[in-house]
Amino acid sequence: MLGAGGMTGAGWEIGILKGLAETGTDLTTADLIVGSSGGVVAAVQVAAGKLSLDALYESQLIEPTGELPGHLGAGAIAKYAVAVLRSHTPEEYGQRLGRLAAAAETVTPAARREVVAGRFDHEVSWPDRRLLVTAVDAESGELAAFDGAASGPYADVSLVDAVTASCAIPGVWPVVDLAGRRWIDGGVHSTANAHLAAGYERVVIIAPNGSGNKVIVSPDRQGADLAAAGARVEVVTPDAESKRAFGRNSLDPARRVPAARAGRAQAAAHAKAVAAVWAG
């Protein structure tokens, strides 16, 4: 489970995966990979298997190019806080942020999609293995998970479009029109959406944003719920050094390099616990 966290979060997640692999635990062999918001960029790369984990990590140490500047300003943050206070469920919260997103002035949808597509240095298509890409319906507030299915309500949605929807942060990036609906960031429902791993025996949640509130369930709480249902679970969230590496703006492309390095370094502290989960 690769959670929301912007550019820095995606780099940190890949750093964590790299560091864990160096200790003998390769999570890229997972039966299910779920990506939300920034985490979906890492999820797609891992699921596609076009690059080795070593090569994928090295790619995080190159300064990103072609990115549009993004920043969640104080005004937008205040509106997020008000939406939390006035909401009773994740769906209500999603509806409020959907309205915020629809009213915001942003770059054009085409410009944003081009940036997202440019993050992959190879042709991107749905992999053979199971990959879920989360997004929130901007009108109903409900969470959906695109999976590349050839039938059903989200049939034939391209992977790039699904990723663009999953990364559509309200107030920063445009709402995405897809499959007859309008979509915003998958991290609006929860930062990890780890409940989608219900029924799996071993779950590792890597969450750059470990927060929760009265409407958003935290990764730790979701992990506890999965464990209560019988799964073996480990939750990895940033330590103090990783948080410093992130800086104040998780959308700042310049922070991806230090975040990736911090993730690799932090992995050692979780190696034993993750190995115990993964070995069954």
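Our structure is the block above this text.
Because the structure is a prediction, the values reported are computed rather than measured.

Colleague: Give me the overall build of the protein: which residues, what numbers.
Modeller: Looking only at helices and strands, the protein features ten helices and seven strands. Here the protein has a C-alpha radius of gyration of 17 Å; the compact-globule value for 280 residues is 19 Å, and the two agree. With the principal axes as the frame, the protein shows a C-alpha extent of 50 × 40 × 40 Å. In the protein, which comprises 280 residues, the share counted as buried stands at 51%.

Colleague: Tell me about the side chain of histidine 270, and please be specific about residues and values.
Modeller: Topologically, histidine 270 is positioned in helix α10 (residues 256-278). Given a relative accessible area of 16%, histidine 270 falls into the buried group. Setting aside residues up to four positions removed in sequence, histidine 270 forms contacts with Leu20, Glu234, Val236 and Thr237.

Colleague: Can you lay out the pairing of strand β3 (residues 143-146) for me, pointing to particular residues and giving the numbers?
Modeller: On β3, burial follows the alternation: Ala144 and Phe146 on one face are buried, whereas Leu143 and Ala145 on the facing-out side are not. As paired strands, strand β2 (residues 130-137) and β3 are joined by four bridges and run antiparallel to one another. Considered in β3, the bridge of alanine 135 is made with alanine 144. Between β2 and β3, which follow one another and run antiparallel, lie five residues, and glycine 141 among them has a positive phi close to 80°.

Colleague: A description of the packing of aromatic side chains should follow, citing residues and the corresponding values.
Modeller: Aromatic ring pairs: the centre-centre distance and the angle between the two ring planes describe each pair. Inspection of the entire model under this criterion finds four aromatic pairs. Judged by centre distance (6.0 Å) and plane angle (90°), the ring pair of tryptophan 12 and phenylalanine 246 falls under edge-to-face. In this pair, tryptophan 12 sits in helix α1 (residues 6-22) while phenylalanine 246 sits in helix α9 (residues 240-246), placing the two residues 234 residues apart along the sequence. Judged by centre distance (5.1 Å) and plane angle (70°), the ring pair of phenylalanine 146 and tryptophan 183 falls under edge-to-face. With phenylalanine 146 in strand β3 and tryptophan 183 in strand β5 (residues 181-185), this pair connects stretches of sequence that are 37 residues apart. An identical accessibility class is assigned to phenylalanine 146 and tryptophan 183; each is buried. The side chain of arginine 112 reaches across the aromatic face of tryptophan 173, ending 4.1 Å from its centre.

Colleague: Let's hear about the nonpolar core: which residues, and what values?
Modeller: Judged by nonpolar contacts, the single largest core of 48 residues is most densely connected at Leu131 and Phe146. Top element by residues in this core is helix α2 (residues 38-48). It accounts for seven residues. Non-local contacts of phenylalanine 146, meaning those with residues more than four positions away in its chain, are made with Trp126, Leu131, Leu132, Val133, Ala135, Tyr154, Val157, Ala162, Leu178 and Trp183. If you look at the next biggest cluster of nonpolar residues, it comprises 18 residues, including Tyr93, Leu97, Ile169 and Val172.

Colleague: Outline helix α8 (residues 219-228), supporting the account with residue identities and numerical values.
Modeller: Among all positions in α8, only Pro219, Gln222, Gly223 and Leu226 are buried. Taken down its axis, α8 places every buried residue within 100° of arc, on the same side. Turned more than 90 degrees off the buried face of α8, the exposed positions are Arg221 and Ala228. Packed against the buried residues of α8 are β6 (202-206) and β7 (232-236).

Colleague: Describe the pattern of salt bridges, with residues and values.
Modeller: If you walk through the whole model with that rule in mind, you get ten salt bridges. A salt bridge links arginine 182 to aspartate 177; the nearest nitrogen and oxygen atoms lie 2.9 Å apart. Classification of aspartate 177 by relative accessible area gives exposed; the value is 55%. Note that arginine 221 and aspartate 225 form a salt bridge whose closest N and O atoms lie 3.3 Å from each other.

Colleague: Talk me through unusual backbone geometry; I want residue IDs and the actual numbers.
Modeller: With phi around 55°, serine 37 is a residue other than glycine that occupies positive phi space. Along the chain, the position of serine 37 falls in the loop between β1 (32-35) and α2. Serine 37 sits in the buried class, given a relative accessible area of 5%. One non-glycine residue, alanine 179, lies in positive phi territory at about 55°. As for its position among the elements, alanine 179 is in the loop between β4 (176-178) and β5. Residue class for alanine 179 comes out partly exposed when judged on its relative accessible area of 38%.

About the criteria used
- Residues numbered from 1 in each chain as written.
- Predicted model: local features only at pLDDT ≥ 70, side-chain atom pairs only at ≥ 80, totals over all residues.
- Heavy atoms only, no water.
- Helix = DSSP H or I, 4+ residues; strand = E, 2+ residues; numbered from the N terminus.
- Rg over C-alpha atoms; globule rule 2.2 N^0.38 Å.
- Buried < 20%, exposed > 50% of the residue type's maximum accessible area, 1.4 Å probe, protein only.
- Contact = heavy atoms within 4.5 Å.
- Pairing = 2+ DSSP bridges.
- Phe/Tyr/Trp six-rings, centres within 6.5 Å; stacked < 30°, edge-to-face > 60°.
- Lys NZ or Arg CZ within 6 Å of the ring centre and 35° of its normal.
- Core = buried A, V, L, I, M, F, W, Y, C linked by side-chain atoms within 4.5 Å.
- Arc of directions from axis to C-beta.
- Salt bridge = Lys/Arg side-chain N within 4 Å of Asp/Glu carboxyl O.

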